[in-house]
Every structure is written in structure tokens, then in C-alpha cells.
Amino acid sequence: MFSKASFLCAFAAVGYASPIVYPRADDPFVFTNSNGLNFTQMNASLPNVTIFATGGTIAGSSSSSTATTGYTAGAVGILTLIDAVPEILNISNVAGIQISNVGSEDVTSALLLKMAKQINEYVCNDPTMAGAVVTHGTDVLEETAFFLDATVNCGKPVIIVGAMRPSTAISADGPFNLLEAVTVAASPSARDRGAMVVMNDRIVSAYYVTKTNANTMDTFKAVEMGNLGELISNTPYFFYPPI
Ligand code: DAS
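Because the structure is predicted, anything quoted here is derived from the model rather than measured. (Residues numbered from 1 in each chain as written. Predicted model: local features only at pLDDT ≥ 70, side-chain atom pairs only at ≥ 80, totals over all residues. Heavy atoms only, no water.)

**Quick look at the nonpolar core**
Heads up, the condition is: Residues enter a nonpolar core if they are buried and are Ala, Val, Leu, Ile, Met, Phe, Trp, Tyr or Cys, with the set joined through side-chain atoms within 4.5 Å. Here the term buried applies to any residue with accessible area under 20% of the maximum for its type, exposed to any over 50%, and partly exposed to those in between, with areas from a 1.4 Å probe on protein chains only. Helix numbering and strand numbering both begin at the N terminus, where a helix is a DSSP run of H or I of at least 4 residues and a strand a DSSP run of E of at least 2. Should any heavy atoms of two residues lie within 4.5 Å, those residues are counted as being in contact.
Counting residues in hydrophobic clusters, the biggest one holds 66 residues, and the most contacted among them are Phe-52, Ile-119, Val-133, Leu-148, Ile-160 and Leu-178. It is helix H3 (residues 109-124) that contributes the most residues to this core, eight residues altogether. Apart from residues lying up to four places away in sequence, Ile-160 is in contact with Val-134, His-136, Leu-141, Ala-145, Leu-148, Ala-195, Met-196, Val-197 and Val-198.

This is how it looks when you write it as C-alpha cells:
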């Protein structure tokens, strides 16, 4: 594990073009950092992001590709979510932590505290980490986002993301949402803005965000100035500077 990492670091250090590695076949991890987080690649020229997976529809599964209700939430693991979006590895080195795999109706206070504690420990306190992504069920996503906004003690982006269609649906929104979430978490322009919800091309303040519709993909909205920006072709554009 470390030998591959050393190889990649040495490769980068001598100034070759940055290696992009897709270690899909037998060994999904190429690098373990000092906190014990396993990364699916380590490209020295890219920022590092940790994805905390908690479950929800983004990790949901159904026997029907057209079912957007009645599926099992929290059925698919974090590595499968990452594997579905190899484009993530052009943006960031990602480490995945499976913190739970439940529908968000089963997110407890203990689980919330665990999320905040781990994000503070593994992301805020680690100078090599750019930001955090939390994959989450949408039903209480805004409550978790608000909680993390209040309890994560650093200016690094904390992005909460979910999906309205399970991973098995035609045009599942989870993979693109996850790519956008990692992109914002890795972006310096996202610093010092508190926690944010990134879904359906929108970047929304955790303080203001609300789920407005039980079924549609454009459900997360905000009043007043809570709509912070949007992504176009996976590039984040913020409407205002951070304050
Ligand atoms: N039951 C929902 C949840 O986990 C499904 C979803 O993610 O939208 O919140």
C-alpha cells in the first residue's frame, strides 16, 4: 500500500505530468494517511477530500430501474458510490468513511455527534485535507447540514449531498451530485462559507436550506441569500464572496 504511494509521490516530485490512477481491479486503495484514512488514489497535484457516507437514497437500491419510491435506502456502500464516478479522481484524491448506512429518518443524535467529531478530527485538524463531503438521506438532510454548520470548527468546506433517485434508477442523480459535491469541497472558493448543500447544480447555505418537495430533483431551495451559487459544467460559481 505504502509502496505504491511512495512511487506516486516520487513520480510527482521529479516533475512528471501528474499521474491519474484508477485502481479499480483488485486494490481499491493506494495510500493510507496518518489518520488511517484510505485513499483511492494519491495524486500530489490534487486536493484531498474525505467522503463520510451515512446512507439515504444516494445509496439506495431497487429491483426496478424506474422506481423512485419504494426502494431500499442505504443499501450501497461508499466504494460503490465512488466507483460510479471515476471523474471524481480528476478533481480530488478521495478517502471514504462509511459512518453508517441508514435512511436519514434513522440518523440519531449519537450519529450526528460522531459526524461532527470525525469531520473536526479528520478534516479540520489535518492540514493536508481540503474539505469534507457527507452523503446523506434527504428527509432530514437540512437538519444535519444545520448541525454540522454549527459544530464543525474550521473554514474548510463541509458539503452535504444526497439524491432523489436511488442508485439503480435511470438517470440517477446521485453520481453527478457526488461529483459536484466533491468539486465544491475541493475548491478554495468554497472556504469560509460554513456547511453547504450541493445538489442538482445548486450550492445552498446549510443555514437557510429547505427540502421543498418530497419527490423532485430540484427540491433543495433557500430563501433570502441562502442560494450561494451554482455549478455549470462542474465548475462552481459563487454569487457573493464569503463573509
Ligand atoms: N428516506 C429518505 C432518507 O433517507 C430517502 C432520501 O434520501 O431521499 O432520507
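Past the structure itself, the notes keep going.
**Examining a nonpolar patch on the surface**
Spelled out, the test is: In this analysis, a patch consists of residues with relative accessible area above 30% that form no salt bridge, clustered at 9 Å for like charges and at 5 Å for the nonpolar side chains Val, Leu, Ile, Met, Phe, Trp and Tyr. Per-residue accessibility takes into account occlusion by the displayed protein chains alone, with areas from the Shrake-Rupley method and a 1.4 Å probe. Salt bridge, as used here, is a side-chain nitrogen of Lys or Arg placed within 4 Å of a carboxyl oxygen of Asp or Glu.
The grouping of Phe-146, Tyr-207, Tyr-208 and Val-223 at the surface amounts to a nonpolar patch, some 420 Å² of accessible area in total. Inspection of the secondary structure assignment puts Tyr-208 in the loop between strand E8 (202-205) and strand E9 (209-211).

**Looking at the packing of aromatic side chains**
Our working definition: Stacked, tilted and edge-to-face pairs are distinguished by plane angle, under 30 degrees for stacked and over 60 for edge-to-face with tilted covering the rest, among Phe, Tyr and Trp rings (Trp via its six-membered ring) whose centres lie within 6.5 Å. Only when the NZ of Lys or the CZ of Arg is both within 6 Å of the ring centre and within 35 degrees of the ring normal is a charge said to sit over the ring.
Tallying each qualifying case throughout the model produces four aromatic pairs. A centroid spacing of 5.1 Å and a plane angle of 70° characterise the contact between Tyr-207 and Tyr-208, whose relative ring orientation is edge-to-face. Classification of Tyr-207 by relative accessible area gives exposed; the value is 53%. Taken together, Phe-146, Tyr-207 and Tyr-208 form an aromatic cluster joined through their ring pairs. Looking at Arg-193, its charged tip hangs above the ring of Phe-238, at a distance of 3.8 Å from the centre.

**Re the pairing of strand E7 (residues 195-199)**
Consecutive residues of a regular strand have side chains that alternate between opposite faces of the sheet. Worth spelling out the cut-off: Criterion used throughout: strands pair if DSSP finds at least two bridges between them. Handedness of a crossover: with both strands directed away from the viewer, a clockwise path from the first strand across the helix to the second marks it as right-handed.
Burial analysis of E7 places five of its five residues in the buried class, which makes it a mostly covered element. Along E7, one buried face is formed by Ala-195, Val-197 and Met-199 and the opposite face, lined by Met-196 and Val-198, is buried too. With three bridges joining them, strand E6 (residues 158-161) and E7 adopt parallel strand pairing. What sits directly across from Ile-160, in E7, is Val-197. Regarding the hand of the β-α-β motif, the stretch spanning E6, helix H5 (residues 174-185) and E7 is left-handed.

**Some details on H5**
Defined as follows: In this analysis, the expected span of each helix is defined as 1.5 Å times one less than the number of residues it contains.
Its twelve residues give H5 an end-to-end C-alpha distance of 16 Å, which sits within 8% of 16 Å, the value for a rise of 1.5 Å per residue. Taken across its twelve residues, H5 has ten buried, putting it largely inside the fold.

**A closer look at the pattern of salt bridges**
This structure, assessed with the given rule, holds three salt bridges. Between Asp-139 and Lys-211 there is a salt bridge, with its nearest N and O atoms 2.7 Å apart. Of this pair, Asp-139 sits in the loop between strand E5 (129-135) and helix H4 (141-151) while Lys-211 sits in strand E9, and the two are 72 residues apart along the sequence. On the basis of relative accessibility, which here comes to 49%, the residue Asp-139 falls in the partly exposed class.

**Structural notes on the UniProt feature "active site" (unreviewed entry) in the protein chain**
Selection criterion: UniProt positions are given in the numbering used here, feature names are shortened, and annotations may be inferred rather than shown by experiment.
In this numbering, the UniProt entry assigns the feature "active site" (unreviewed entry) to Thr-57. Tracing the sequence through the fold places Thr-57 in the loop between strand E3 (48-55) and helix H2 (78-83). With a relative accessible area of 8%, Thr-57 lands in the buried category. Here Thr-57 is in contact with Tyr-71, Ala-73, Gly-137, Ala-163, Met-164, Arg-165, Pro-166 and Ser-167, once residues within four sequence places are set aside.

**Examining unusual backbone geometry**
The backbone of Ser-171 shows a phi angle near 55°, a positive value even though the residue is not glycine. A residue is classified by how much of its surface remains accessible, and Ser-171, at 51% relative accessible area, is exposed. The phi angle at Asp-192 is positive, at roughly 60°, despite the residue not being glycine. On the basis of relative accessibility, which here comes to 48%, the residue Asp-192 falls in the partly exposed class.

**What to know about the site of the ligand**
Basically, it comes down to this: For each residue, the test is whether any non-hydrogen atom lies within 4 Å of the molecule or strand; if one does, the residue is near. We define a polar contact as two N or O atoms separated by no more than 3.5 Å, with the added condition that, inside protein, one atom must be a possible hydrogen donor and the other a possible acceptor, whereas residues neighbouring each other in sequence contribute only through side-chain atom pairs. Each residue is assigned to one of three groups, with Ala, Val, Leu, Ile, Met, Phe, Trp, Tyr, Cys and Pro labelled nonpolar, Asp, Glu, Lys and Arg labelled charged, and all others, Gly among them, labelled polar.
Close to the ligand lie Gly-56, Thr-57, Tyr-71, Gly-103, Ser-104, Glu-105, Gly-137, Thr-138, Asp-139 and Ala-163, which account for all nearby residues. Here an oxygen atom of the ligand and a side-chain polar atom of Ser-104 are 2.3 Å apart. Take Thr-138: an N or O atom from its side chain is 2.3 Å from an oxygen atom of the ligand. Coverage of the ligand by the protein chains reaches 90% of its 270 Å² of free accessible surface. Of the residues belonging to the shell around the ligand, the class tally is two nonpolar, six polar and two charged.

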